[in-house]
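# An overview of the molecular structure
Chain by chain, the residues:
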Amino acid sequence: AVYGPAAAASGRPAAVPGWLRLLCLGLYTVNAVYGDTIVMPCSQGIPTDLMFGKWKYEPENSSPVFIAFRSEIKKRVQYDDIAEYKGRLSLSENYTLSIKNARISDERRFVCMLVTEDNVYEEPTVVKVFKQPSQPEIIHPANFLETEKLKMLGECIARDGYPDGNITWYKNGNILQPVEGAVVMSLQKVVDQSTGLFTTTSSLQFMPTKKDANAQFACSVTYYGPSGQEKIPSAPVVFDVHYPTEKVTIKVLSQRNTLKEGDNITLKCSGNGNPPPQEFLFYTPGESKGIRSSDTYIMTDVRRNATGEYKCSLIDRSMEDSTTIIVHYLDLSLTPSGEVIKQIGEALPVSCNISSSRNATVFWIKDNTRIQTSPSFSSLQYQDAGNYVCETTLQEVEGLKKRKTLKLIVEGKPKIRMTKKTESNKSKTIVCHVEGFPKPAVQWTTTGSGSIINQTEETNYVNGKFSSKIVISPEENVTLTCIAENQLERTVTSMNVSAISIPENDEPNDGNREKVNDQAKLIVGIVVGLLLAALVAGIIYWVYVKKSKTPSKHVNKDLGNIEENKKLEENNHKPEA
């Protein structure tokens, strides 16, 4: 606006400078941040005939209050004694007014007055002050939420903002809208009278469902700043949601899929509620009364009679679950077992019986070597002696294996057979073949004169048999005696040996003896065959003679007496003989 004598004299408004006309088209607004410096320029140019300039502010429903003066003639600045602006004002040479430490009370209309000799120019400026609120936070959060219950979840608070803001609630990033009886919100705004700043609070009552377990709740404050609308989010909060148990589950805690006798069994019962039940009733097979326990029930060193159906239920027995447990077992009995001493030639039946929860695999081992058939002895021999193991396993059950051992000892009195052999008319080898168990001790004695070429030599003791030999060169006939003795008996056998100068037949060894036996059997067979052939020929001859003595129908009854008939018969048979 223009004021002064020129305007009054002409009766029309004085000309307004271009820079002022632009400002008068609309109020000039300065946006300031709380606590910063407010800078308000007076104009874009200073009149050449300017005398002085003043700044004032216009309170609502009150007279303007001048706060700053600058004389263009005297080049001095003066600030009015206004308490709220004391020490905060600064007026520059171009009449720009600066206010330090912006406050909410600074949000008002300021006017710059430029006075010349002829006119007074006024330029209004509106100051807007903004204060960003603190980051919102959820306070007084609920310890937990419950399904089917509307409960205070918490309060979202944003402090010290200007102008006042609004609060929005979110669940899993989605805006929560009010729902009657399920989502209830209440907004409250409080102004600090000393600062003029707003504290905004929104409370949220929420009725969760089971699906809201682990849901993230958050809030945000929306406010206006110098550059427009802005938003600050809070940190998310997760609430524990309580809901009742709807299902009970029983499990067997084991590192293996199968159980065997001697194992420990741990049963665990659980409910799908939150919080889960802490106590349950456990029922063992055949028992109607439950055993009250925590969520686990332990059985140690179980036996096969622990097989059956196990149950667990809530304390009020409103719901239950069951599982079946199979305790696998494997029994093995070996008859006989341990150390068994038998005599050679005796019979020894052996049986290995299995009783198991499933089909078991059985195999035999003799002296650390697996054998294909089960041992059974109708006539024990020395080679049958040894350590026998009957072993069985359940392949489907880890660690279920049984074995029992039979240590078979076959004893026998010493038996001796002697053989001799002449070596190139210089020496004779005498061998004493010995059988028996425990191993017999062998001694040689000799009668007559002779010399032993070397000491006694023994072969290895295998399957109850070994041999001892000496080599001699007798100058005369001698008798050698082989003595074999063990704990059961003492056996003595002698052999006459001719002088080395006298030839004699060697005693056959085992191989030759078998050949001789075979030849003897052949001769006996031939003799028996010849005897049978002679017997058959005699029978035929007897039948023929008998038929010849029968009278013919054509023989005359007057053949003479009996003596003559006999002679005639003898004459008739002579040529046949």
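Below is a short write-up of the structure. A quick note: this is a predicted structure, and the numbers were derived from the prediction, not measured.

Now for the sheet that holds strand S17 (residues 198-206). The strand order S11-S13-S17-S16 describes an open sheet built from four strands, whose pairing is antiparallel. Pairing within the sheet leaves two strands with one partner each, and these edge strands are strand S11 (137-139) and strand S16 (183-191). Going from strand to strand, the sheet's axes swing by 25° on average, the running direction of each strand aside. With nine bridges joining them, S16 and S17 adopt antiparallel strand pairing. Bridged to Val 184 within S17 is Gln 205.

What follows concerns the pairing of strand S36 (residues 386-393). Walk down a regular strand and you will see the side chains alternate between the two sheet faces. Counting buried positions along S36 yields seven of eight residues, so the element is predominantly enclosed. The sheet contact formed by strand S34 (residues 361-366) and S36 spans six bridges and is antiparallel. Bridge pairing in S36 places Val 362 opposite Thr 392. Two elements, S36 and strand S37 (residues 401-423), share eight bridges in a ladder whose sense is antiparallel. In the strand pairing of S37, Cys 390 is matched with Lys 404.

Turning our attention to the side chain of Asn 486. One can find Asn 486 in the loop between strand S42 (478-485) and strand S43 (490-497). Under the relative-accessibility criterion, Asn 486 is labelled buried at 9%. From its side chain, Asn 486 meets the backbone oxygen of Gly 412 in a polar contact 3.1 Å long. Within the local environment of Asn 486, its side chain forms a polar contact with the backbone oxygen of Pro 438, the two atoms lying 3.0 Å apart. Once residues within four sequence positions are removed from consideration, Asn 486 is found in contact with Gly 412, Pro 414, Gly 436, Phe 437, Pro 438, Lys 439 and Pro 440.

Before going further, it helps to spend a moment on empty space enclosed by the protein. Considering all chains together, one arrives at one cavity of 30 Å³ or more under this definition. In this structure, the largest cavity spans a volume of roughly 50 Å³. What lines the largest cavity is simply Pro 133, Ala 158, Gly 161, Tyr 162, Pro 163, Asp 164, Gly 165, Phe 198, Thr 200, Val 221 and Tyr 223. Of all the secondary-structure elements, those providing two or more residues to the lining of the largest cavity are strand S13 (151-161), S17 and strand S18 (216-225). Of the residues that constitute the lining of the largest cavity, the class distribution is seven nonpolar, three polar and one charged.

The omega angle of the peptide bond from Asn 274 to Pro 275 is -5°, so this bond is cis rather than trans. Relative to the helices and strands, Pro 275 resides in the loop between strand S24 (265-271) and strand S25 (280-283). At the junction of Phe 437 and Pro 438, the peptide bond is cis and its omega measures out at -5° in the coordinates. Checked against the element boundaries, Pro 438 lands in the loop between strand S38 (427-437) and strand S39 (441-447). Positive phi is not limited to glycine here, since Asn 214 has a value of about 70°. By secondary structure assignment, the location of Asn 214 is in the loop between S17 and S18. Judged by its relative accessible area of 65%, Asn 214 is exposed. Phi is positive for Asn 368, close to 70°, though the residue is something other than glycine. By secondary structure assignment, the location of Asn 368 is in the loop between S34 and strand S35 (369-371). Its relative accessible area of 78% is what places Asn 368 among the exposed residues.

Attention now goes to a nonpolar patch on the surface. A surface patch of nonpolar side chains, amounting to about 590 Å² of accessible area, comprises Val 528, Leu 532, Leu 535, Ile 539, Trp 542 and Val 543. Considering the arrangement of structural elements, one finds Leu 535 in helix H3 (residues 510-548).

Glancing now at the environment of Arg 109. Summarising the element assignment, Arg 109 is placed in strand S9 (residues 109-116). Sequence-wise, Arg 109 and Glu 60 are 49 residues apart; in three dimensions their C-alpha atoms are separated by 9.3 Å. Those residues in contact with Arg 109 that lie beyond four places of it in its chain are Leu 27, Lys 56, Tyr 57, Glu 58, Pro 124, Thr 125 and Val 126. Side-chain polar atoms of Arg 109 contact the side chain of Glu 58, separated by 2.9 Å.

What counts and what doesn't
Residues numbered from 1 in each chain as written. Predicted model: local features only at pLDDT ≥ 70, side-chain atom pairs only at ≥ 80, totals over all residues. Heavy atoms only, no water. Pairing = 2+ DSSP bridges. Helix = DSSP H or I, 4+ residues; strand = E, 2+ residues; numbered from the N terminus. Axes fitted to C-alpha atoms, helices over the stretch in contact; angles between N-to-C directions. Buried < 20%, exposed > 50% of the residue type's maximum accessible area, 1.4 Å probe, protein only. Polar contact = N/O pair within 3.5 Å; in protein donor to acceptor, adjacent residues only side chain to side chain. Contact = heavy atoms within 4.5 Å. 1 Å grid on protein atoms, 1.4 Å probe; cavity = no way out; pocket = protein on both sides within 12 Å on 5 of 7 lines; lining within 4 Å. Points joined across faces, edges and corners; volume = space filled by probe spheres on them. Nonpolar A, V, L, I, M, F, W, Y, C, P; charged D, E, K, R; others polar. Patch = residues over 30% accessible without salt bridge, like charges linked within 9 Å, V, L, I, M, F, W, Y side chains within 5 Å. Areas by Shrake-Rupley, 256 points an atom, 1.4 Å probe, with all protein chains shown as cover. Salt bridge = Lys/Arg side-chain N within 4 Å of Asp/Glu carboxyl O.

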